[in-house]
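# Inside the fold
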Amino acid sequence: MTKGEKMHLRFSRAGHFWLDSGLVGLKKILDETEKDVIIHEDADGFFLEGTKDAVIAAIEKAYDILIKQYYNISTQKQKEDTKAYNFYYDSKEGRFYSFPKKKSCGIAEVIYNKAPRPTGQMIKWAHKSEKKVEIYYQGKKFKRTIARLPDSHAHLQDSMDEFLNQNELDITTAGLLYDAPYAVKPKINIKITNDNKKIKGHCYFCGQPSEVLEEATQTTFPLITGTSGVLSFNSMAQNPEKVCWKCSLLGKFVPVNGFYYTSGDNIFMFLPYSSSFEKMIDVFDSLHEAEYKDPNFYRNFDHGLDGFFYHVFEVAFAFLFTLYKKVLLHQKGGEEDFTVLDWEELLDLTLNKAPIEFYTMHARKEGNTFSIKTLWPFRESVYFYLLLDHIEKNGVKIKEVMRLFYDPQEKNENATLKRNRICERILKKKSILDLVEIFVYGSERTYIKPIVDFLLIYEPEIRKDDSVMTREEQDTAVTLGRRIGAAVGKSEDGKKGDLYALRKSRKKVDFLEQINRLQFKLGSAFIVPPDIYEGKLNDNNFQEFKQFCMIAALNSFNAATSETKK
């Protein structure tokens, strides 16, 4: 290839959710970058057209933007902690500059969680004190490390000490940063050549032949342990996986496409994915309407559900709920009133051209690395959003339901364990009946109406083909429960223990006997629906029937006793 000759450099989808997310990330940043190349997009990726130097310059410029926005960043806390700032000397300006600490955050931290490195020169100290020394400066007293520059830069000693004392900064580096601050910046190797004779092998991820292969590490894909990890488990492994420079590069652009939420040492990541690259590009802007700029980078979406979320399924529920509110209902603030679902947006997002799914990844920080705990795709977006629309149309506030599923009797992460299990069932289109019954009878909450309303709408939706219990049988169980709860709550002879006694029934005959005792005890205040004796309660549906009945009974009992207290 002669200098100035135009070339094509192609980046193709690999059919892998992680690398294809990186492909989207690279494309979106390139689109917003001034460049001397032309981008041609098709169904399977895109290629850059231009001279070799222009193509390399465009990629490097996009990478610098990526680093600035996701890897080499300062949180609000780091910006405010001015006494923890570091510093460098600018030889062109002839002065010292301070700058806040830098770190990678969110998904970028999972990819590359290493200390910043100098981006310019570093002049090693000739001497550095082992302990901090007390300094008196202009009436102020503070402690800092004392360091002496080598003879080659001794002329900067006085001005450096003056700068440090004036700003009350400490020395934390192994030498003076010269002409540039340090930065968190993973290394990349852009190697463009058309000489197929130099092919060294095939990439582990994309399978394409490559003249440059490098070690597959966590910076390419977090589930890869790297050569050192492979050899520690298998010392005879002579040829650990290698990847091409393109896949290595794309793995670092994943944060652009993803959403994340951190809780303590845990981070939950959500990556939109489709088998169509064109679909991933089309929905990018719509999905990122839900993006939130957190000054401390704990998350990049705001679910608006209030309270703490600790576990993977409840956080996944909160993320999907955020998309529902911000993308499909177009709610920008904290609106509570129901708004109409944008059906055209729903179809564009979920089904047009190709289905969209969300890969959910949970990682936990262990020392200086992250270990992946769970990884699974959520493919039921249409079901989930139609469910939310149906529930909220019936006046049930998801926000209130999630709040009530928080267990104040437990502490910290344990307080949402039951809610996490319930969210898991909802995301997997399974019944939550048994979990809700256990929760409401184990909780000290005296107001559970939104939970019950949610349950009575949700269960028929996922039981449409259920052979165990029909809608009519559910209605009968709920009616019986409401009558029992109201009668027990309003009667002077009734007490909450009557509900627990009924709930302990293990067989249909025991359940009916207990109902007869209640009827005798409460008299005309409690009338048993005739459907009970006409086949609506049978041995096959007894467990579910009793659970519906007991939940409705407790809700009515709470309402009746609160009315009595008034």
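A brief report on the enclosed structure follows.

What counts and how
- Residues numbered from 1 in each chain as written.
- Predicted model: local features only at pLDDT ≥ 70, side-chain atom pairs only at ≥ 80, totals over all residues.
- Heavy atoms only, no water.
- Helix = DSSP H or I, 4+ residues; strand = E, 2+ residues; numbered from the N terminus.
- Buried < 20%, exposed > 50% of the residue type's maximum accessible area, 1.4 Å probe, protein only.
- Polar contact = N/O pair within 3.5 Å; in protein donor to acceptor, adjacent residues only side chain to side chain.
- Contact = heavy atoms within 4.5 Å.
- Pairing = 2+ DSSP bridges.
- Axes fitted to C-alpha atoms, helices over the stretch in contact; angles between N-to-C directions.
- Arc of directions from axis to C-beta.
- Salt bridge = Lys/Arg side-chain N within 4 Å of Asp/Glu carboxyl O.
- Phe/Tyr/Trp six-rings, centres within 6.5 Å; stacked < 30°, edge-to-face > 60°.
- Core = buried A, V, L, I, M, F, W, Y, C linked by side-chain atoms within 4.5 Å.

Topologically, Ser 129 is positioned in the loop between strand 8 (127-128) and strand 9 (133-137). For Ser 129, a relative accessible area of 17% gives the class buried. Reaching out from Ser 129, the side chain makes a polar contact with the backbone oxygen of Lys 131 at a distance of 3.0 Å. For Ser 129, the contacting residues outside a window of four places in its chain are Thr 145 and Ile 146.

The next thing to look at is the sheet that holds strand 1 (residues 6-12). One open sheet accounts for three strands, arranged 1-3-2; its pairing is antiparallel. Taken across any chain shown, the strands that pair with only one partner, and hence form the sheet edges, are strand 1 and strand 2 (38-42). Put simply, the sheet's adjacent strands are angled 20 degrees from each other on average, direction ignored. Inspection of the sheet shows strand 1 paired to strand 3 (residues 45-51) by seven bridges, in the antiparallel sense. Looking at the pairing, Leu 9 lines up with Leu 48 of strand 3. The strands touched by helix 1 (residues 17-31) are strand 1, strand 2 and strand 3; relative to strand 3, the strand with the most contacts, the crossing angle is about 45 degrees. The sheet contacts of helix 9 (residues 277-287) involve strand 2 and strand 3, and relative to strand 2 the element is tilted by about 115 degrees.

Further remarks concern helix 14 (residues 417-427). If you check which residues of helix 14 are buried, you get Arg 419, Asn 420, Ile 422, Cys 423, Ile 426 and Leu 427. Taken end-on, helix 14 shows its buried residues confined to a sector of 165 degrees, consistent with a single buried face. The inward-facing, buried residues of helix 14 contact helix 10 (312-328), strand 21 (369-378), helix 12 (381-393), helix 13 (398-404), helix 15 (433-442) and helix 16 (449-462). Taken from the residues just after helix 14, Lys 429 is the one with a positive phi, measuring 60 degrees.

Tallying each qualifying case throughout the model produces 31 salt bridges. The shortest N-O distance in the salt bridge between Glu 109 and Lys 365 comes to 3.1 Å. Of this pair, Glu 109 sits in helix 4 (residues 107-111) while Lys 365 sits in strand 20 (residues 357-366), placing them 256 residues apart in sequence. Classification of Glu 109 as buried rests on a relative accessible area of 12%. A salt bridge links Asp 306 to Lys 399, with the shortest nitrogen-to-oxygen separation between them at 3.1 Å. Highlighted residues: Asp 306 in the loop between helix 9 and helix 10 and Lys 399 in helix 13, separated in sequence by 93 residues. Residue classification places Asp 306 among the partly exposed residues on the basis of a relative accessible area of 48%. When its relative accessible area of 25% is taken as the criterion, Lys 399 is described as partly exposed.

A separate point is the packing of aromatic side chains. Summed over all chains, the structure comprises 36 aromatic pairs. Between Phe 17 and Trp 18, the ring centres sit 6.3 Å apart and the planes meet at 80 degrees, which makes this aromatic pair edge-to-face. The residues Phe 17 and Trp 18 share a single accessibility class, namely buried. Ring centres of Tyr 273 and Tyr 359 lie 5.8 Å apart, and the angle between their planes is 80 degrees; on these two criteria the pair is classed as edge-to-face. Residue Tyr 273 is found in strand 19 (residues 266-273), and its partner Tyr 359 is found in strand 20; the two are separated by 86 residues along the sequence. Take Tyr 273 and Tyr 359: they sit in the same class, and that class is buried. A network of ring pairs unites the aromatic residues Phe 17, Trp 18, Tyr 204, Phe 205, Phe 221, Tyr 273 and Tyr 359 as a single cluster.

What follows concerns the nonpolar core. Core analysis: the biggest nonpolar cluster contains 90 residues, and Phe 384, Ile 426, Leu 480 and Ile 484 have the highest contact counts within it. Not counting the four nearest positions on each side in its chain, Ile 426 is found in contact with Phe 317, Tyr 383, Phe 384, Leu 387, Ile 432, Phe 454 and Tyr 458. Counting residues in hydrophobic clusters, the runner-up holds 61 residues, among them Leu 9, Ile 29, Ala 108 and Phe 370.

By themselves, these are just geometric observations and shouldn't be taken as functional.
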